[in-house]
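These are the residues of each chain, in order.
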Amino acid sequence: APPQISPLSPPPPPPLLKKEQKTKTAGPNQLRIDYAISREQFNTINGGKRYVQHVIAENANEFFERMNNGATCYFCGLKGMMPPVLDTLESVSGNVDFDGKMKEWKKNHQWHVEVY
């Protein structure tokens, strides 16, 4: 199965915090879970609060490599988080046609967003 990428925000309920349990069922390099918990973490870009867009920027090369190899990405959180996430993805995408890439990911069922 292709790898999955799951940046999460705001803090998930306690069962989701147990990365070890989730990764036990996945094969090597098949699952990566990153949390962006702004009340508890700081980003490596400017030392401010850590949001999903910082996780993406900090791991941009790996993010696009995994997605280009068929990974599935899940975002969940507040509606207001998506504009800065999409802005960050576009800014770190390099010479990629970002709108075309998003259409491809959606068509291939690689892109999942649950916001409220």
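Residues numbered from 1 in each chain as written. Predicted model: local features only at pLDDT ≥ 70, side-chain atom pairs only at ≥ 80, totals over all residues. Heavy atoms only, no water.

Okay, the nonpolar core next. Counting residues in hydrophobic clusters, the biggest one holds 18 residues, and the most contacted among them are Phe63, Phe75, Leu89 and Trp111. Going through the elements one at a time, helix H2 (52-58), helix H3 (60-68), strand E3 (72-77), helix H4 (82-92) and helix H5 (98-107) are the ones with two or more residues in this core. (Core = buried A, V, L, I, M, F, W, Y, C linked by side-chain atoms within 4.5 Å. Buried < 20%, exposed > 50% of the residue type's maximum accessible area, 1.4 Å probe, protein only. Helix = DSSP H or I, 4+ residues; strand = E, 2+ residues; numbered from the N terminus.)

Before going further, it helps to spend a moment on the side chain of histidine 54. Note that histidine 54 resides in helix H2. Of the residues examined, histidine 54 reaches a relative accessible area of 14% and is grouped as buried. Aside from chain neighbours lying at most four places away, what touches histidine 54 is Asn43, Ile45 and Lys49. (Contact = heavy atoms within 4.5 Å.)

What follows covers the pattern of salt bridges. With the rule as written, the count across this model stands at 5 salt bridges. Here glutamate 62 ties to arginine 32 by a salt bridge, and the two come within 2.3 Å at their closest N and O atoms. Placement of the pair is glutamate 62 in helix H3 and arginine 32 in strand E2 (residues 31-35), with a sequence separation of 30 residues. Relative accessible area serves as the criterion here: at 28%, glutamate 62 is assigned to the partly exposed category. Glutamate 104 is the salt-bridge partner of lysine 101, the closest N and O atoms lying 3.5 Å from each other. You can see lysine 101 and its partner glutamate 104 sitting in helix H5, 3 residues apart, about one turn around the helix. On the basis of relative accessibility, which here comes to 14%, the residue lysine 101 falls in the buried class. What emerges from the salt-bridge pattern is a single network uniting Arg32, Asp34, Glu62 and Arg66. (Salt bridge = Lys/Arg side-chain N within 4 Å of Asp/Glu carboxyl O.)

Glancing now at unusual backbone geometry. Residue histidine 109 is not a glycine yet carries a positive backbone phi of 60 degrees. Assignment of secondary structure puts histidine 109 in the loop between H5 and strand E4 (111-115).

Glancing now at the packing of aromatic side chains. Tallying each qualifying case throughout the model produces 5 aromatic pairs. Summarising the aromatic geometry, the rings of phenylalanine 63 and phenylalanine 64 are spaced 5.6 Å apart at their centres and angled 80 degrees between planes, so their arrangement reads as edge-to-face. In this structure phenylalanine 63 comes out as buried when scored by relative accessible area, which is 4%. Judged by relative accessible area, phenylalanine 64 falls into the buried class, the value being 8%. Aromatic side chains phenylalanine 75 and tryptophan 111 sit 5.0 Å apart centroid to centroid with 55 degrees between the ring planes, which places their arrangement in the tilted category. Of the two residues, phenylalanine 75 sits in strand E3 while tryptophan 111 sits in strand E4, which places them 36 residues apart along the sequence. Of the aromatic side chains, those joined through ring pairs into one cluster are Phe63, Phe64, Phe75, Trp105 and Trp111. (Phe/Tyr/Trp six-rings, centres within 6.5 Å; stacked < 30°, edge-to-face > 60°.)

Limitation: the analysis is restricted to geometry and does not speak to function.
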